[in-house]
Amino acid sequence: MIRAEMLRAAGEDANPLVPAFWEIIAALLGFAVLFFVVVKFIAPAFEKAYQDRRQAIEGGLEEAEKARSEAEAMKAEYEKNLAESRAEASRVREEARAEGAQIVAEHKEKAAAEAARITEQAQHQIAAERQQAAASLRHDVGSLATDLAGRIVGEALEDDARSQRVVDRFLADLDAEQANTSGAAH
């Protein structure tokens, strides 16, 4: 009721759409205090948080870019080292192949030379043994022929020169006969 009477008393002069003067001052005073608190305390805190966040993000981006650059450099270095290692391994393999082929060729050459030397030595030894066997056989055949001729004739043929001539003639006749037989067979 009091309110209604105030409205009636004020109603004739006051417009309900326009606030009272003391309400405008109270609202402006409250707004000024709130504006002061926001400008003095809240806005700097938000600005500081914004700047810190921005610096953290920019720092993170810079660090990420730096890390990416380092990673790319390391990758390039790794690829370069890998290529060099592959080239070196290929070169070493080729050198080993060439060296192996050279060693094999040298060993083949040495083996062939050794085989030729052994063959030649064996042929010389066989020829020497053949000559020695032929000489021994001639002597033995001569002795046997002389003994046999002496038994047949009934006299001892002890003249060495004569018996040697008889044996040589006998062997020459055998060689000629054998040559004629082998020549006719071919």
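In what follows, the structure referred to is the one given above.
Residues numbered from 1 in each chain as written. Predicted model: local features only at pLDDT ≥ 70, side-chain atom pairs only at ≥ 80, totals over all residues. Heavy atoms only, no water.

(A) Local environment of the overall build of the protein chain. Per the secondary structure count, the protein chain includes three helices and zero strands. In the protein chain, the succession of helices and strands from N to C terminus is α-α-α. Counting all 186 residues of the protein chain, 3% fall into the buried class. For the protein chain, the computed accessible surface area is about 16,600 Å², with 61% contributed by carbon and sulfur atoms. (Helix = DSSP H or I, 4+ residues; strand = E, 2+ residues; numbered from the N terminus. Buried < 20%, exposed > 50% of the residue type's maximum accessible area, 1.4 Å probe, protein only. Areas by Shrake-Rupley, 256 points an atom, 1.4 Å probe, with all protein chains shown as cover.)

(B) Focus on the packing of aromatic side chains. This model, assessed by the stated rule, comprises one aromatic pair. Note on Phe31 and Phe35: the rings are 6.1 Å apart at their centroids and 25 degrees apart in plane angle, and the pair reads as stacked. Separated by four residues within a single helix, Phe31 and Phe35 lie in helix H2 (residues 21-153), roughly one turn from each other. (Phe/Tyr/Trp six-rings, centres within 6.5 Å; stacked < 30°, edge-to-face > 60°.)

(C) Highlighting the pattern of salt bridges. What the rule picks out here adds up to eight salt bridges. Notably, a salt bridge pairs Arg97 with Glu94, separated by 2.5 Å at the nearest N-O pair. In this pair, Arg97 and Glu94 are both assigned in helix H2, three residues apart and thus about one turn of the helix distant. One salt-bridge network, held together by shared partners, links Glu65, Arg68 and Glu72. (Salt bridge = Lys/Arg side-chain N within 4 Å of Asp/Glu carboxyl O.)

(D) View of the environment of Asp168. Here Asp168 is to be found in helix H3 (residues 160-185). In this structure, the C-alpha to C-alpha distance between Asp168 and His139, residues 29 residues apart in sequence, is 9.8 Å.

This is a description of form; function is not addressed.
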